[in-house]
Amino acid sequence: MATRAQLGQLSPAGSAGAEALATGGALSAEGPGRPAPLQDETLGVASVPSQWRGVQGIRRETKSCQTASIATAEKAAQTRKHVDAEVQTEAPVPVSAPSVSPHDDPRLAAFLRRVEAMVIRELNKNWQSHAFDGFEVNWTEQQPTVTCLHTLGYPPAQGEGLHVTSVSWNTTGSVVACAYGRLDDGDWSTLKSFVCAWNLDRRGLNPRQPSAVVEVPSAVMCLAFHPAQPSYIAGGLYSGEVLVWDMSHPEDPLLWRTGLTDDTHTDPVYQVVWLPEPRHSHRFQVLSVATDGKVLLWQGVGAGRLQLTEGFALVVQQLPKNTKLKKPPRGETEVGATAVAFSSFDPSLFVLGTEGGFPLQCSLAAEEAALARMPSSVPLRAPARLTFSPHGGPIYSVSCSPFHRNLFLSAGTDGHIHLYSMLQAQPLASLQLSHKYLFAVRWSPVRPLVFAAASGEGDVQLFDLQKSSQKPTVSIKQTQDESPVYCLEFNHQQTQLLAAGDAKGTVKVWQLSTEFTEQGPRETEDLEQLAAEVAT
Amino acid sequence: MLGLGLPQRPPLVEETLKRIQSHKGVIGTMVVNAEGIPIRTTLDNSTTVQYAGLLHQLTMKARSTVRDIDPQNDLTFLRIRSKKHEIMVAPDKEYLLIVIQNPCE
């Protein structure tokens, strides 16, 4: 039937296999009469041989090509005469207002005559206008509260119960380093300590794993990052040594050290500061301050040694007598220095905080020789110019205002902050912040009226003198069990960050709210007004 | 021309500038020529050069903005108010007068 008709069509194509398939199907259909619809049967293998290769065949031909020969020739050249010339860039001459040739003046006069009336009118209107009173524009996202961005710690140091004695931000503002030591040890200590640095801009920051760790044989009491090199950091030790490390070389970080010579401090170094050299302002020296009464300036020379270039010694007999001080017990003539701050307006002027509780105004340019009996390779000078009225206990921290040339703050163990002016010995204001010690005080780098203080009660207090001069604007609780906060530093590049280290061995990086980071319109004037009115 | 001494500056220029400078709250006054080079100033060199360069560019941009919107219009005065003070620029074909004032708040 239909199957048979299909057979006839398929055979002329010459496909033998297809025939076999169809035959098999037809046979079974004719078998028992009616075809069973769902019956199993096996069919032969159907194969279709390929035809295309046999039909086409392959034709092969051999061809080759060759580049024509290249012509070459040898030549030589030699300069017969040469001339040397040097090029040197000079410092750019500042563009000064050129003097106008005389025939321009009539045109200038005419112009001024035309615009003067309009400008004076606008100036007057401006002076009396209230159009912009209270008008403020928000350019950046507002941060309403203070939040803790990072909590950093180094478990081996925390396991030994070490405190964070000092924190420092580097010059790019992305790395924070902390020093581990103990601040309540009275004895000579052989405790090993660490200097750890975290790079906050790196992805995958692990708060328990610093990006660089340096092991130091003695307790580190203070740290300071280099103002130009992002990886150089100086530290002062409990043993009186001053070391400089390069944190970018973890296997051999020590760059320079003072060693234990006659020049080195004999008491713990409480603060180190980098100073520009007087003649080469791109090179820096390290100034160290210790309780043996010496203030020493070190320069890194070859072979990893720090050499003493200048030195000052504080002796009680040479202190300026403008303030009456308690007579020291017999035999003690040195005045131990515990803190130093340089003025941002006059680079040779600095303020020292002392163990006796009185700040001293000093100058690097002082000439008078010190009456110290300490051996030294460089003649020691007496730097003090003015003695300020004392606190009730030793001073732990001083800070000079970056906005006003005469104001500085000092914080001491009596829990008070004194605001001094360089011009008078009595403090302008005295604020009690804590019933325990105050360990650090710093002016804010962006807001002239704001400063932060670290207290022994475990909190960081932020003061805004514009809002209230009696109590702190914000008090941030750093430690839960009231263990003291020993150090704090503002980040000068990212001004909303504040790092504080405490006795539990953690460094917390706080992000300040916008009110602490944006300068108001008249703050510098308000600061000057404050200085002037409190002084009278 | 051979002269017997320095040519006398017309007093009008200095007087006018002094009058403007002594107005209430004025921090600084300067005159800049058409190329953005300061001719007269009461501020220090580096600040003057900075203000002159930046404000000259801004004034040209402001003028072209006004004229693009309406070719019959032209810029007569430019004021920039910032958090700390107000900068006023009086433009002209050949000169710019820049006055910086600290308005009383």
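- Going by the annotation in an unreviewed UniProt entry, the name recorded for chain B is Dynein light chain roadblock, with Neovison vison given as the source organism.
- Per UniProt, the comment on chain B under Sequence similarities (unreviewed entry) is "Belongs to the GAMAD family."

- As named in an unreviewed UniProt entry, chain A is Cytoplasmic dynein 2 intermediate chain 2, taken from Neovison vison.
- Listed in UniProt under the heading Sequence similarities (unreviewed entry), the comment for chain A reads: "Belongs to the dynein light intermediate chain family."

## What to know about the environment of R208 of chain A
Residues and elements named next belong to chain A.
(1) Moving on: Inspection of the secondary structure puts R208 in the loop between strand 4 (193–199) and strand 5 (212–216).
(2) Moving on: We classify R208 as partly exposed; its relative accessible area is 39%.
(3) Moving on: On a C-alpha basis, the gap between R208 and P155 in space is 6.6 Å, while along the polypeptide they are 53 residues apart.
(4) Moving on: Not counting the four nearest positions on each side in its chain, R208 is found in contact with G153, Y154, P155 and Q158.
(5) Moving on: There is a polar contact of 3.1 Å between the side chain of R208 and the side chain of Q158.

## Looking at unusual backbone geometry
(1) Moving on: The phi dihedral of E482 of chain A is positive, around 65°, even though this residue is not glycine.
(2) Moving on: Residue position: E482 of chain A is located in the loop between strand 26 (474–477) and strand 27 (485–490).

## A word on the packing of aromatic side chains
Residues and elements named next belong to chain A.
(1) Moving on: Within the structure shown, the criterion is met by 14 aromatic pairs over all chains.
(2) Moving on: Between the aromatic rings of F388 and Y420, the centroid separation amounts to 5.3 Å while the plane-to-plane angle is 55°, which identifies the pairing as tilted. With F388 in the loop between strand 18 (384–387) and strand 19 (395–400) and Y420 in strand 21 (residues 416–421), this residue pair connects regions lying 32 residues apart in the sequence. In terms of burial, F388 and Y420 fall into one category: buried.
(3) Moving on: On the basis of an interplanar angle of 85° and a centroid distance of 4.8 Å, the ring pair of F439 and Y486 is categorised as edge-to-face. Linking F439 in strand 23 (residues 438–443) with Y486 in strand 27, this pair joins segments that are 47 residues apart in sequence. By the burial criterion, F439 is buried, and Y486 matches it.
(4) Moving on: These aromatic residues form a ring-pair network of at least three members: Y396, Y437, F439 and Y486.

## A few points about the sheet that holds strand 26 of chain A
Residue and element names in this part refer to chain A.
(1) Moving on: Spatially, four strands are ordered 23-24-25-26 in an open sheet, and the strand pairing comes out antiparallel. Each end of this open sheet is capped by a strand with a single partner; those strands are strand 23 and strand 26. Put simply, the sheet's adjacent strands are angled 15° from each other on average, direction ignored.
(2) Moving on: Two strands pair when backbone bridges link them, and strand 23 and strand 24 (residues 450–455) are joined in this way by five bridges, in the antiparallel orientation. Considered in strand 24, the bridge of L438 is made with S455.

## Considerations on the pattern of salt bridges
(1) Moving on: The full count for this structure, using the stated rule, is 17 salt bridges over all chains.
(2) Moving on: We note a salt bridge from E489 of chain A to R442 of chain A, for which the minimum N-O separation is 3.1 Å. Of the two residues, E489 of chain A sits in strand 27 while R442 of chain A sits in strand 23, which places them 47 residues apart along the sequence. Each member of the pair E489 of chain A and R442 of chain A is classed as buried.
(3) Moving on: Among the salt bridges present, the one from R79 of chain B reaches E86 of chain B, with a minimum N-O distance of 2.6 Å.
(4) Moving on: Taking relative accessible area as the criterion, R79 of chain B reaches 36% and is therefore assigned partly exposed.
(5) Moving on: Owing to a relative accessible area of 2%, E86 of chain B belongs among the buried residues under this scheme.
(6) Moving on: Each of the salt bridges in this network shares a partner with another, and the network as a whole consists of E122 and K125 of chain A together with R79, R81 and E86 of chain B.

## Description of the sheet that holds strand 19 of chain A
Sheet strands associate in pairs through backbone hydrogen bonding, adopting either a parallel or an antiparallel arrangement.
Residue and element names in this part refer to chain A.
(1) Moving on: Read from one edge to the other, the open sheet built from four strands follows the order 19-20-21-22, with strand pairing classed as antiparallel. Of all the strands in the sheet, the pair left with one neighbour each is strand 19 and strand 22 (429–432). Averaged over all pairs of adjacent strands, the angle between their axes in this sheet comes to 20°, without regard to strand direction.
(2) Moving on: Where strand 19 lies against strand 20 (residues 407–412), five bridges are found, and the strand directions are antiparallel. Bridge pairing in strand 20 links S399 to L409.

## Examining the confidence of the model for chain A
(1) Moving on: Summing up the model confidence of chain A, the mean pLDDT is 80 and the portion of residues at 70 or higher is 86%.
(2) Moving on: Overall, residues 1–31 of chain A carries pLDDT values under 50, and its contacts beyond four positions in sequence, including any with other chains, amount to five contacts.

## Details of the environment of D464 of chain A
All names here are of chain A.
(1) Moving on: With respect to the secondary-structure elements, D464 resides in strand 25 (residues 459–464).
(2) Moving on: Sequence separation between D464 and E515 is 51 residues, and the spatial gap between their C-alpha atoms is 9.6 Å.
(3) Moving on: The residues touching D464, leaving out its near neighbours within four places in the chain, are R447, L449, V450 and T473.
(4) Moving on: Side-chain polar atoms of D464 contact the side chain of R447, separated by 3.3 Å.

## Observations regarding helix 4 (residues 105–128) of chain A
(1) Moving on: Here helix 4 of chain A contains 24 residues, and its C-alpha end-to-end distance of 33 Å stays within 8% of the 34 Å for a straight helix at 1.5 Å per residue.
(2) Moving on: Its axis deflected by about 40° at V115 of chain A, helix 4 of chain A carries its strongest bend there.
(3) Moving on: Within helix 4 of chain A the residues assigned to the buried category are D105, L108, A109, F111, L112, V115, E116, V119, I120, E122, L123 and N126 of chain A.
(4) Moving on: Those residues of helix 4 of chain A that are buried lie in contact with helix 1 (11–21), strand 1 (26–33), strand 2 (38–41), strand 3 (78–81), strand 4 (86–91) and strand 5 (95–101) of chain B.

## Side note on helix 2 (residues 45–69) of chain B
All names here are of chain B.
(1) Moving on: Its 25 residues place the ends of helix 2 36 Å apart at the C-alpha level, agreeing with the 36 Å of an ideal helix rising 1.5 Å per residue.
(2) Moving on: Within the sequence span of helix 2, burial applies to T48, Y51, A52, L55, H56, T59 and A62.
(3) Moving on: As for helix 2, its buried residues are in contact with strand 1, strand 2, strand 3, strand 4 and strand 5.

Rules of the game
- Here the residue numbers are simple positions, counted from 1 along each chain's written sequence.
- Naming scheme: in the order in which they are written, chains are lettered from A and ligands are numbered from 1.
- In keeping with the predicted nature of the model, local features appear solely for residues at pLDDT of at least 70, side-chain atom pairs appear and are counted solely at 80 or more, and the whole-chain, interface and lining totals rest on all residues.
- The basis for every side-chain value is the complete set of heavy atoms in the structure, and neither hydrogens nor water enter the calculation.
- UniProt positions are given in the numbering used here, feature names are shortened, and annotations may be inferred rather than shown by experiment.
- Comment: elements are numbered from the N terminus, with helices defined as DSSP H or I runs of at least four residues and strands as E runs of at least two.
- Throughout this description, buried means an accessible area under 20% of the type-specific maximum (1.4 Å probe, protein chains only), exposed means over 50%, and partly exposed covers the range between.
- Residue contacts are defined here by distance: any two heavy atoms, one from each residue, within 4.5 Å place the two residues in contact.
- Throughout this description, a polar contact denotes any pair of N or O atoms lying within 3.5 Å of each other; where both atoms belong to protein, one of them has to be capable of donating a hydrogen while the other can accept it, and for residues adjacent in sequence the pair is counted only when both atoms sit in side chains.
- Here the aromatic set is Phe, Tyr and Trp, taking the six-membered ring for Trp, and pairing holds for ring centres within 6.5 Å; pairs whose planes are under 30 degrees apart are stacked, those over 60 apart are edge-to-face, and all others are tilted.
- Only strands that DSSP links by at least two bridges are regarded as paired with each other.
- To define axes, lines are fitted to C-alpha atoms, for helices over the stretch in contact only, and angles between the resulting N-to-C directions are given on a 0 to 180 degree scale.
- By definition, a salt bridge exists where a carboxyl oxygen of Asp or Glu is found within 4 Å of a side-chain nitrogen of Lys or Arg.
- pLDDT is defined as a per-residue confidence score from the predictor, taking values between 0 and 100.
- One less than the residue count of a helix, multiplied by 1.5 Å, gives the span that helix is expected to have.
- Bend is the name given here to the angle between axes fitted to two runs of seven residues, the run ending at a residue and the run starting at it.

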